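Summary of structural features
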Amino acid sequence: MPSAPIETMYNTLPQTGKIEWIGLRPARRNDLQVVDEAEISLEDGLVGDHYNGESRKRQVTLIQAEHLRGVAGILGLPEVDPGLIRRNIVVSGINLQAFDERRFAIGEVILEMTGQCHPCSRMEENLGPGGFNAMRGHGGITARVIKGGRIRVGDPVMLAETVPALTGS
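The notes below deal with the structure included here. Chains are numbered independently. Their residues run from 1 in the order of the written sequence. Where totals are concerned, whole chains, interfaces and linings use all residues; where local detail is concerned, this predicted model gives features only for residues with pLDDT of at least 70, and gives and counts side-chain atom pairs only at 80 or more. Just so you know, side-chain values use all the structure's heavy atoms and leave hydrogens and water out.

**Some thoughts on the environment of glutamine 64**
When you line up the elements, glutamine 64 lands in strand E5 (residues 60–64). With a relative accessible area of 7%, glutamine 64 lands in the buried category. C-alpha separation for the pair glutamine 64 and glycine 93, spaced 29 residues apart in sequence, amounts to 8.1 Å. In this description, contact between two residues means that some pair of their heavy atoms is separated by no more than 4.5 Å. The contacts of glutamine 64, once residues within four sequence positions are left out, are Val90, Val91, Ile94, Asn95, Leu96 and Gln97. Polar contact is defined as a pair of N or O atoms within 3.5 Å, subject to the rule that within protein one atom must be able to donate a hydrogen and the other to accept it, and that residues adjacent in sequence are counted only when both atoms are side-chain atoms. From its side chain, glutamine 64 meets the backbone nitrogen of leucine 96 in a polar contact 3.0 Å long. A run of H or I in DSSP counts as a helix once it spans at least four residues, and a run of E counts as a strand once it spans at least two, with each numbered from the N terminus. Here the term buried applies to any residue with accessible area under 20% of the maximum for its type, exposed to any over 50%, and partly exposed to those in between, with areas from a 1.4 Å probe on protein chains only.

**So, the pairing of E5**
Summarising burial for E5: five of the five residues are buried, a large majority. The rule for pairing is simple: two strands pair if DSSP sees at least two bridges between them. As judged from the three bridges shared by E5 and strand E9 (residues 141–147), these two strands associate in the antiparallel manner. Following the sheet pairing, threonine 61 is matched in E9 by threonine 142.

**Section: the sheet that holds strand E4 (residues 45–46)**
Spatially, E4-E3-E10 is the arrangement adopted by the three strands of the open sheet, whose pairing is antiparallel. Bordering the open sheet on either side are E4 and strand E10 (149–152), each of which pairs with just one other strand. Both strand E3 (residues 37–41) and E4 contribute to a ladder of two bridges, which runs antiparallel. Bridge pairing in E4 links isoleucine 40 to leucine 46.

**Notes on helix H2 (residues 65–75)**
Among the residues making up H2, those that are buried are Ala65, His67, Leu68, Val71, Ala72 and Leu75. Here the buried residues of H2 occupy an arc of 155 degrees about the axis, which is enough to place them on one side. Away from its buried face, by an angle of more than 90 degrees, H2 presents the exposed residues Arg69, Gly73 and Ile74. Where H2 is buried, its residues touch E5, helix H3 (82–85), strand E6 (89–92), helix H4 (122–127) and helix H5 (131–135). For this quantity, the arc is that covered by the directions from the helix axis to the C-beta atoms.

**Topic: a nonpolar patch on the surface**
Note that patches include only residues with greater than 30% relative accessible area and no salt bridge, and the join distances are 9 Å for like charges and 5 Å for nonpolar side chains (Val, Leu, Ile, Met, Phe, Trp, Tyr). Under the convention used here, a 1.4 Å probe and the Shrake-Rupley method define accessible areas, while residue burial counts only the protein chains that appear. For this analysis, a salt bridge means a side-chain nitrogen from Lys or Arg found within 4 Å of a carboxyl oxygen belonging to Asp or Glu. On the surface, Ile6, Met9 and Tyr10 cluster together into a nonpolar patch covering about 350 Å² of accessible area. With respect to the helices and strands, the residue tyrosine 10 is situated in helix H1 (residues 6–10). Here tyrosine 10 falls in the exposed class, since its relative accessible area comes to 52%.

**With respect to the packing of aromatic side chains**
Two measures describe an aromatic ring pair: the distance that separates the ring centres and the angle between the ring planes. Working definition: rings of Phe, Tyr and Trp (its six-membered ring) pair if their centres are within 6.5 Å, and the pair is stacked with planes under 30 degrees apart, edge-to-face with planes over 60 apart, and tilted otherwise. Going through the model one piece at a time under the given rule, you end up with one aromatic pair. When the centroid spacing of 4.4 Å and the interplanar angle of 5 degrees are considered together, the rings of phenylalanine 99 and phenylalanine 104 count as stacked. Neither phenylalanine 99 nor phenylalanine 104 differs from the other in exposure class; each is buried.

Below you can see the structure in the form of structure tokens.
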């Protein structure tokens with residue numbers, strides 16, 4: 001049986017993930033506030049987060065729950081508190097890297113991946129010795145807002161082309 005062309009595979013993502021956790025950074029170097037829902041706007045990105053996305057390339061940051069478990073394993077920890085990683089949204093069940101150069105939906109919100117969210121020196125401070133290197137390749141992604149709205153823990157996360165309201169189906 002012949003395999004699908006690579007372009008078809010890039011544009012087909014049958015998995016649907018979900019939001020596991022949402023955190024807002026009210027001020028630089030402050031602890032994240034864990035919330036069950038949040039507003040995302042075109043102008044401000046994640047409303048209530050100190051990083052208001054002036055460049056629009058980093059309005060929202062996301063990381064996979066599966067990667068947090070991997071980082072915990074590398075560091076020999078039972079788990080990693082998502083607040084220590086300083087990302088806004090933790091998702092599970094979908095590969096965020098598959099959104100490269102694509103738009104994706106979280107509930108009613110549409111985001112577009114703008115790049116990798118590389119670890120900073122705070123990871124060594126927050127996770128202990130080796131935290132920076134444990135996070136390399138597992139830091140998640142950055143995104144810009146295409147369509148704002150509310151997001152909630154439990155909302156689905158999927159490739160935007162598979163959202164019926166966007167495709168007309």
